[in-house]
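# Fold and contact review
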Amino acid sequence: MKAIMEITMDKKLNEIIKESPILKQVAEGTEVFWTNPKIQRFDSVKDSLPVGMEDIKDAEARLQRFAPLIMKLFPETKKRNGIIESDLVEIPNMWDSLVRDAGSNFGRLFLKMDSDLDVAGSVKARGGIYEVLKHTEELAIENGLPNGEFPREFFSKYKIQVGSTGNLGMSIGIMSAALGYQAIVHMSCDAKQWKKDYLRAHGVTVIEYEGDYGEAVAQGRAESDADPMSYFVDDENSKDLFMGYAVAALRLKGQLEEKGVVVDEDHPLIVYIPCGVGGAPGGIAFGLKEVYGDNVYVYFVEPTEAPCMLVGLATGLHNEVSVQDIGLSGQTHADGLAVSRPSGFVGKVMEPLLSGEMTVVDSKLYDYLRMLRDTEGIFIEPSSCAGFQGPVALLNAADKCRANAEKDSCPPDVMNDTTRIKEKLPGATHIVWATGGRLVPQDVRDEFYNTYLR
Ligand SMILES: *Cc1c(COP(=O)(O)O)cnc(C)c1O
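This report concerns the structure included in the present document. (Residues numbered from 1 in each chain as written. Predicted model: local features only at pLDDT ≥ 70, side-chain atom pairs only at ≥ 80, totals over all residues. Heavy atoms only, no water.)

### Focus: the sheet that holds strand E7 (residues 230-233)
To keep things clear, this is the line we draw: Strands are treated as partners if at least two bridges between them are detected by DSSP. Helix and strand definitions follow DSSP, with helices as H or I runs of at least four residues and strands as E runs of at least two, each counted in order from the N terminus. Fitted lines through C-alpha atoms serve as axes, helices being fitted only where they are in contact, and the angles separating the N-to-C directions of these axes extend from 0 to 180 degrees. Any pair of residues with heavy atoms lying within 4.5 Å of one another is described as a contacting pair.
If you trace the four strands from one edge of the open sheet to the other, you get E6-E5-E4-E7, paired in parallel fashion. With partners counted over all chains shown, the strands left at the sheet margins are strand E6 (205-208) and E7, one partner each. Averaged over neighbouring strand pairs, the angle between their axes works out to 20° when direction is ignored. For strand E4 (residues 159-164) and strand E5 (residues 182-187), the ladder comprises six bridges, and the chain directions are parallel. Within E5, the residue paired with valine 162 across the bridge is valine 185. Sitting on the sheet, helix H9 (residues 167-179) touches E4, E5 and E7, and the angle it makes with E4 is about 170°. Docked against the sheet, helix H10 (residues 193-201) engages E5 and E6, running at close to 150° with respect to E6.

### Quick look at the site of the ligand
Test applied: Any residue with at least one heavy atom within 4 Å of a molecule or strand is counted as near it. We call two N or O atoms a polar contact when they sit within 3.5 Å, provided that within protein one can donate a hydrogen and the other can accept it, with sequence-adjacent residues counted only if both atoms are side-chain atoms. Each accessible area is a Shrake-Rupley result for a 1.4 Å probe, and residues are judged covered by the shown protein chains and nothing else. Points on a 1 Å grid over protein atoms alone make up a cavity when a 1.4 Å probe fits among them but cannot get out, and a pocket when they form an open set with protein on both sides within 12 Å along at least five of seven lines; lining residues each have an atom within 4 Å of a point. Grid points define the cavity or pocket, and a molecule sits in it when more than half of its atoms lie within 2 Å of them.
The environment of the ligand is made up of 15 residues, and the closest members are Lys124, Asn167, Gly276, Gly278 and Thr435. One of the backbone N or O atoms of glycine 279 is found 3.2 Å from an oxygen atom in the ligand. The fraction of the free accessible surface of the ligand (380 Å²) that becomes covered by protein chains is 98%. Cavity membership is defined here by more than half of the atoms lying within 2 Å of grid points; on that basis the ligand lies in the largest cavity. Here the shell around the ligand takes three residues from helix H13 (residues 279-292), the largest share from any one element.

### Quick look at helix H14 (residues 308-315)
Our working rule: For every residue, the accessible area obtained with a 1.4 Å probe (protein chains only) is divided by the maximum for its type, and the residue is called buried under 20%, exposed over 50%, and partly exposed between those limits.
Among the eight residues of H14, seven are classified as buried, and the element is accordingly described as predominantly covered. Residues of H14 that are buried include every one of Cys308, Met309, Leu310, Val311, Gly312, Leu313 and Thr315, and no others. Glycine 316 lies just past H14 and shows a positive phi near 75°.

### Digging into helix H4 (residues 53-73)
Note the cut-off: Multiplying one less than the number of residues by 1.5 Å gives the expected span of a helix. The angle between axes fitted to the seven-residue stretch ending at a residue and the seven-residue stretch beginning at it gives the bend at that residue.
Compared with an ideal rise of 1.5 Å per residue, which puts 21 residues at 30 Å, H4 spans 29 Å between its outermost C-alpha atoms and is within 8% of the ideal. Its axis deflected by about 50° at alanine 67, H4 carries its strongest bend there, up to four residues before the proline proline 68. For H4, the complete set of buried residues consists of Ile56, Ala59, Glu60, Arg62, Leu63, Phe66, Ala67, Leu69 and Ile70.

### Here's the deal with the nonpolar core
Test applied: For this analysis, a nonpolar core means a set of buried residues of the types Ala, Val, Leu, Ile, Met, Phe, Trp, Tyr and Cys, connected via side-chain atoms within 4.5 Å.
The biggest cluster of nonpolar side chains holds 150 residues, and the ones touching the most others in it are Leu288, Met350, Phe388 and Trp433. Beyond its immediate sequence surroundings of up to four residues, phenylalanine 388 is in contact with Ile91, Met94, Leu98, Leu109, Leu111, Tyr368, Leu372, Ile380 and Val432.

All we've got here are geometric facts, nothing functional implied.
The structure is reproduced here in structure tokens:
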């Protein structure tokens, strides 16, 4: 039976790829820029989404409730009163290096520095910590603990487990252990040694797998499900993770207002976020759409060898298709993005909201890493550097589509979307979402800086 299903799937997939020139390029491992033909006006889809602004506000309120505890557990969060948030910084020198004469013609470029987030040093500090706190609050209420008290000895009877390529494990592991839980992180083969060392030094149990992220998640889920005292953080399906990420949008709105940056029909906000399984970029994108509607354009960026969300969206098969199904390896230097199969939940929510995706070859991640350090003195990790492919690919596409002579090489959907943005570029605000880096040790940073791939 299984064999028959696989054959049908292969046939279906082959037909889809044959029909789609862009999927053919994706399958060949070529860099692409894909605009989403299924995007809709936000007002027309808003009410049919499984989550809404109320859920974001509920998550924000929960994070506020926990702020005193967070400050106690992690004194570095005192500067923001126990709220884990990152700076938004303008990077004009990087903008100039990335795109010649960028400033006057194409708007401004900012970096959202989730790479520096407290506690976990990556975007995972948003979703991961939020889900652990929500679970903690539920346990406390169920067991009648006094309001606002979270005794370690109580939580030490419970386990929290997660499967990860590294950063989610850091976030869940550090937070869970700090609250007293037995924290167990199931690490895929992509996980860096220093992350495993860091977790073990923080009292987290790390189990290593030779397989990829999908296997680490499957094993972790099975072990957790077999233990009634254990809770599994399910990166592939979790609505709680998603809501924790979505809160970023409310915070960003405040930061843009503080800087006097206008976002409206003539001043589009264009955001580029590196994507793995989809939870982090999906949650942020959803939040931004709730806040800015059609005035925000969100693009995901994925490695050419592991573009799982792109393949899921472009085929419409979501989590029923993996990058191996179309002949890619799933292997990439971008360890945070080394995911072969996207979240089905996130893919379906993104379908009418996402503007598009770009893919990037691994060698460029190191070029962007060097460029950012040389021009702005900022370090972020390779996965995080994928975001810079966003404005580069978007402006290239806009440029190509402008030349009528090249109209044939410009698919109609690309034409429409990019021309719409293109006319508004001088008033645009671009944000590259930096997703990780602060905890990377100095010797590893130096190694990245000196890595050249061909
Ligand atoms: C996890 C991660 C992402 C992507 O998040 P997903 O939820 O897996 O899509 C991007 N960058 C870094 C550095 C990450 O760790």
